[in-house]
Amino acid sequence: MAPRTTPTSPADPARAAALEALEAVRTRDAYANLLLPKLLRERDLTGRDAAFTTELVYGTLRGLGTYDAVIAACVDRSLDAVDPEVLDALRLGAHQLLAMDVPPHAAVSTTVELVREVANEGASRFANAILRRVGQRDLPQWIDRIAPDPQDDPEGYLAVSRSHPRWIVSALWDSLQAHRGAQRAHEDIGALLDADNARPGVTLVARPGLAEAKELTDLGALAARYSPYAAYLAGGDPGALAPVREGRVGVQDEGSQLVAAALAAAPLDGPDERWLDMCAGPGGKAALLAGLALERGASLLANEIAPHRTELVRRALRGYGDRLADATATATAIATATVTAAATGAGSDAAATSAATSAAIPATTQLPKPGTLQVIAADGIRAPWKHESFDRVMLDAPCTGLGALRRRPEARWRRGPEDLERLTRVQRRLLSSAIDSVRPGGLVAYVTCSPHLEETRDVVRQVVKSRRDVTRVDARPLLPGLPDLGGGPDVQLWPHLHGTDAMYLALLRRS
Ligand SMILES: C[S@@+](CC[C@H](N)C(=O)[O-])C[C@H]1O[C@@H](n2cnc3c(N)ncnc32)[C@H](O)[C@@H]1O
């Protein structure tokens, strides 16, 4: 179908903007959280209108699985045969009818008007008929009607009722079961999926040495439960706060703060002078680690494969002023992101990890001086620093992001189980390289913002098994005050239990 102009109905700019956002997410792989602020600014949407558009976009993207199942029950053809833009409008309408406090006649008439503007009269009549059917039941009634019987097919029921792809329901359930046991997993899975569907609050991080959490609570933020660096923003735009603009405070999930702080707090024999953040972009953990490293006179090398993301890391570190080495002082840049087995020609997993490290390029990178920070662009698998260079290494590995679904409403529909093979291969090779990078007695934190067992427990097990120089460290005592940390030694945080993203942390000591 030929592209159409986006509606700019003066009558309903908020809904028109929401429809445009859905189209950008669908056709351009846009991220709603990056796209929306710009769109709202361009359309001059502020206050209640901006909040309405945001809820429409985020809510519709999160609920898409359920809404599509409802719409499919009202349409006499496959959803693939419905014009995608009309389908987006129907999804927006369904969200208003089934999950928002919008009067039904307004939800239907405004959506029909939107469809008339982006399509034609026939499509608007179609939308009118479908939305009237959608509006005949409330959400629980629809779920009773369209979802599989929860006794016969619990995963299928949860997939439809909680709007998650079935493979993700299955993976989250498996992980809950591995960490909390079968009974607890059965009891908790619904609450976990509900937490993914709830909009998270904004958590601030006071960067050590630059700010304190008290400064934030004095500004009206709420004291945080667990992280000594965190405070919860009560409302408003974090970018409007002076300490955020100055780079002394950032926005960072509390779970991310906790796993970074755990690496810094882990006891270490011998020197504690050189720290590495191996996959640092966009720099949230690097900025917290930087403050903790500088407090004890240590240095931090923040490495990131994507050169444009090193700019984000530098921006995150800007509050540390001249402690951050000049960009031109760090010449190493490895432009290739080919971190697949093909890059090393490796076959088996063990071969992949050892081939990656033995194929490392000459160790050219100068490490930062004590008490300074440095950002470089390099492939962590072919690390341009000497083996055993560091005392502490953070490896926050690229992953599916299944632990942060509440923050990225479209992510669950983009990822597929086929992503895992590629990601776990990279994760194993990065972990092996991280272990090579740390000195004997030093510590590696393996972190993901995913609880999927294949990219957490299994990666760690496989790499530990393939080497004789690593032992596991119980990470639980390093997150004091947190309940429900399971049987260890690794830590898996959960949105429904801890109010954080589902961060995973395994701590390894090189022997
Ligand atoms: C989960 S993110 C890290 C988030 C970051 N630690 C933070 O807290 O802001 C993973 C990062 O690893 C980078 N990456 C992927 N493969 C890499 C590699 N082989 N070497 C170094 N960085 C890599 C990605 O570009 C991405 O920025």
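Rules and cut-offs
Residues numbered from 1 in each chain as written. Predicted model: local features only at pLDDT ≥ 70, side-chain atom pairs only at ≥ 80, totals over all residues. UniProt positions renumbered as here; feature names shortened; annotations may be inferred. Helix = DSSP H or I, 4+ residues; strand = E, 2+ residues; numbered from the N terminus. Buried ≥ 20, exposed ≤ 12 C-beta atoms within 10 Å, placed from the backbone. Contact = placed C-beta atoms within 7 Å. Core = buried A, V, L, I, M, F, W, Y, C linked by C-beta atoms within 7 Å. Domains from an automatic or database assignment. Pairing = 2+ DSSP bridges.

A. Up close: the UniProt feature "active site" (unreviewed entry) in the protein. Summarizing the sequence annotation, UniProt attributes the feature "active site" (unreviewed entry) to Cys-449 in the numbering used throughout. Inspection of the secondary structure puts Cys-449 in the loop between strand 9 (438–448) and helix 20 (457–465). On the basis of neighbour counts, which here come to 26 C-beta atoms within 10 Å, the residue Cys-449 falls in the buried class. Leaving out residues up to four positions away in the same chain, Cys-449 has contacts with Cys-399, Gly-401, Gly-403, Ala-404, Asp-501 and Met-503.

B. Quick peek at the nonpolar core. In terms of nonpolar packing, the biggest core is built from 149 residues, with Leu-289, Leu-395, Ala-445 and Leu-505 touching the most fellow members. Counting contributing residues, this core receives three or more from each of domain 1 (13–140) and domain 2 (253–510). Excluding residues that lie within four positions of it along the chain, Leu-505 makes contacts with Val-259, Ala-262, Ala-445, Val-447, Ala-475, Asp-490 and Val-491.

C. Expanded view of helix 8 (residues 154–161). Considered for burial, the residues of helix 8 that qualify are Leu-158, Ala-159, Val-160 and Ser-161. Buried-residue contacts for helix 8 involve helix 3 (47–74), helix 7 (139–146), helix 9 (166–180) and helix 10 (182–196). Looking one or two residues beyond helix 8, the residue adopting positive phi is Ser-163, at roughly 50 degrees.

D. Representation of the sheet that holds strand 1 (residues 203–206). Across the sheet, which stays open at both edges, the 4 strands sit in the order 2-3-1-4 with antiparallel pairing between neighbours. At either margin of the open sheet sits one strand with a lone partner, and together these are strand 2 (222–223) and strand 4 (249–251). For strand 1 and strand 3 (residues 230–232), the ladder comprises 3 bridges, and the chain directions are antiparallel. In the sheet register, Val-205 faces strand 3, and the bridge partner there is Ala-230.

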